[in-house]
Amino acid sequence: MNKRNTLQAIACAALACIGLNALAQTFPPKKTITMVVGFAAGGAADTGARIIAKKLGENIGASVVIDNKPGAGGNIAHQFTAQGPADGSVILFGSVGPLTIAPHMMKLPYDPVKDLSPITMGVNFPNVLVVGAHTGIKSFAEFVAYAKKNPGKLDFASTGAGSASHLAGELLNDMANIDTVHVPYKGGAPAMQDLIGGRVAAYYSTLSTSLPHIESGKLIPLASTGTMRLNALPKIPTIAESGYPGFSATNWYAFVASSKVPAPMLDRWNTELVKVLKSPDVVEQLNSHGLTPQPSTRDEFAKYMAKETATWGRVIRERKITAE
């Protein structure tokens with residue numbers, strides 16, 4: 001390379017750095033901020049996102065709108081975000097299913113690792129196995145006993161193929177040697193509607209979605225999918241302590257953006273979102289819906305996602321789980 005070409009290369013690199021720094025300094029982006037949610041309005045993802053978006057908008061002095069894009073277990077929203085603009089105006093409240101489970105079950109039009117960049121972990125929480133009052137089932141032991149005597153007769157709802165609520169049911173099928181049938185929905189709200197309406201028997205639901213109906217008597221809680229009992233339902237056991245030690249299928253939502261967004265902008269989003277997730281009023285609101293804030297650095301979340309990807313990949317391969 002001659003001296004002239006060398007100087008041109010240096011100049012181009014310098015201009016690129018200036019461009020990135022200018023983009024990072026233009027924060028928030030000079031347009032409406034879109035927070036994409038992969039599930040229908042009314043479910044846990046939507047509830048958590050709206051709590052966070054409200055505080056975020058107040059903090060940064062910009063409008064933050066929720067864009068619900070349900071379908072395909074959240075994959076539609078993740079593809080939309082992966083193909084989104086590079087200016088940082090679109091962020092996604094992503095979920096465990098599309099980010100770490102779905103890639104092992106189906107061919108996706110995007111790569112969660114290559115096409116999406118981590119910002120921060122958002123919230124973590126177990127699901128609760130609930131059945132409709134119409135089933136007559138009153139306990140987890142009765143649920144398993146009925147399933148053993150009637151293979152293929154009990155069905156369970158989920159927020160989509162490859163979602164945490166789906167994998168929880170498949171994991172129980174394997175560990176308890178039962179055959180319950182998976183029925184995927186486009187989010188927690190429509191799944192809950194059909195459960196209450198008696199069109200499906202069970203659902204591995206988020207606490208925020210099911211608690212009002214548990215309190216009204218329309219749903220019967222049987223067990224939680226985490227390693228500890230839920231504070232709001234202290235008398236309801238975990239599946240692990242109900243005869244299936246080692247059972248754990250927690251749900252989580254986290255923030256990601258298109259990989260086209262420069263790192264300085266992603267770092268700014270991390271700073272602002274972590275600030276929101278640590279705000280006492282936001283923590284209180286999220287906790288009231290059974291959602292535990294879990295802010296992190298970008299690197300911490302990337303490592304956590306890699307660990308989850310490896311874990312669920314092994315489970316899916318060993319249990320030969322496929323997408324419907």
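In this report, we go over the structure that sits alongside the text. Computed from a predicted structure; not experimentally measured.

Considering the overall build of the chain
Part 1: In terms of regular secondary structure, the chain is built from 11 helices and 11 strands.
Part 2: Relative to the compact-globule value of 20 Å for 324 residues, the chain shows a C-alpha radius of gyration of 21 Å, a close match.
Part 3: Along the first, second and third principal axes, the C-alpha atoms of the chain reach 80 × 40 × 30 Å.
Part 4: In the chain, which comprises 324 residues, the proportion classed as buried is 53%.
Part 5: Taking the intrachain contacts of the chain between residues at least 6 apart in sequence as the baseline, contacts between residues at least 24 apart amount to 77%.
Part 6: With 30 positive and 23 negative side-chain charges, the chain shows a separation of 4 Å between the mean positions of the two kinds.

Side note on the pattern of salt bridges
Part 1: Under the criterion given, the structure shown has 10 salt bridges.
Part 2: One salt bridge connects Lys54 with Glu58, and the closest N-O pair in it is separated by 2.8 Å. With Lys54 and Glu58 both in helix H2 (residues 44-60), this residue pair falls four residues apart, about one helical turn.
Part 3: For Lys54, a relative accessible area of 57% corresponds to the exposed category.

Section: the packing of aromatic side chains
Part 1: The final tally for this structure, using the stated rule, is nine aromatic pairs.
Part 2: Note on Phe93 and Phe255: the rings are 4.8 Å apart at their centroids and 35° apart in plane angle, and the pair reads as tilted. A residue pair is termed long-range when its members are at least 10 positions apart, and Phe93 in strand E3 (residues 90-95) and Phe255 in strand E10 (residues 250-258) qualify at 162 residues.
Part 3: Take Phe93: its relative accessible area is 1%, and that puts it in the buried class.
Part 4: Cluster of aromatic residues (ring-pair linked, three or more members): Phe39, Phe93, Phe125, Tyr253 and Phe255.
Part 5: Against the face of Phe80 rests Lys69, its NZ or CZ located 4.3 Å from the ring centre.

Cut-offs applied
- Residues numbered from 1 in each chain as written.
- Predicted model: local features only at pLDDT ≥ 70, side-chain atom pairs only at ≥ 80, totals over all residues.
- Heavy atoms only, no water.
- Helix = DSSP H or I, 4+ residues; strand = E, 2+ residues; numbered from the N terminus.
- Rg over C-alpha atoms; globule rule 2.2 N^0.38 Å.
- Buried < 20%, exposed > 50% of the residue type's maximum accessible area, 1.4 Å probe, protein only.
- Contact = heavy atoms within 4.5 Å.
- Lys, Arg positive; Asp, Glu negative; His and termini not counted.
- Charge placed at Lys NZ, Arg CZ, Asp CG, Glu CD.
- Salt bridge = Lys/Arg side-chain N within 4 Å of Asp/Glu carboxyl O.
- Phe/Tyr/Trp six-rings, centres within 6.5 Å; stacked < 30°, edge-to-face > 60°.
- Lys NZ or Arg CZ within 6 Å of the ring centre and 35° of its normal.

These values are about where atoms sit, not about what they do.
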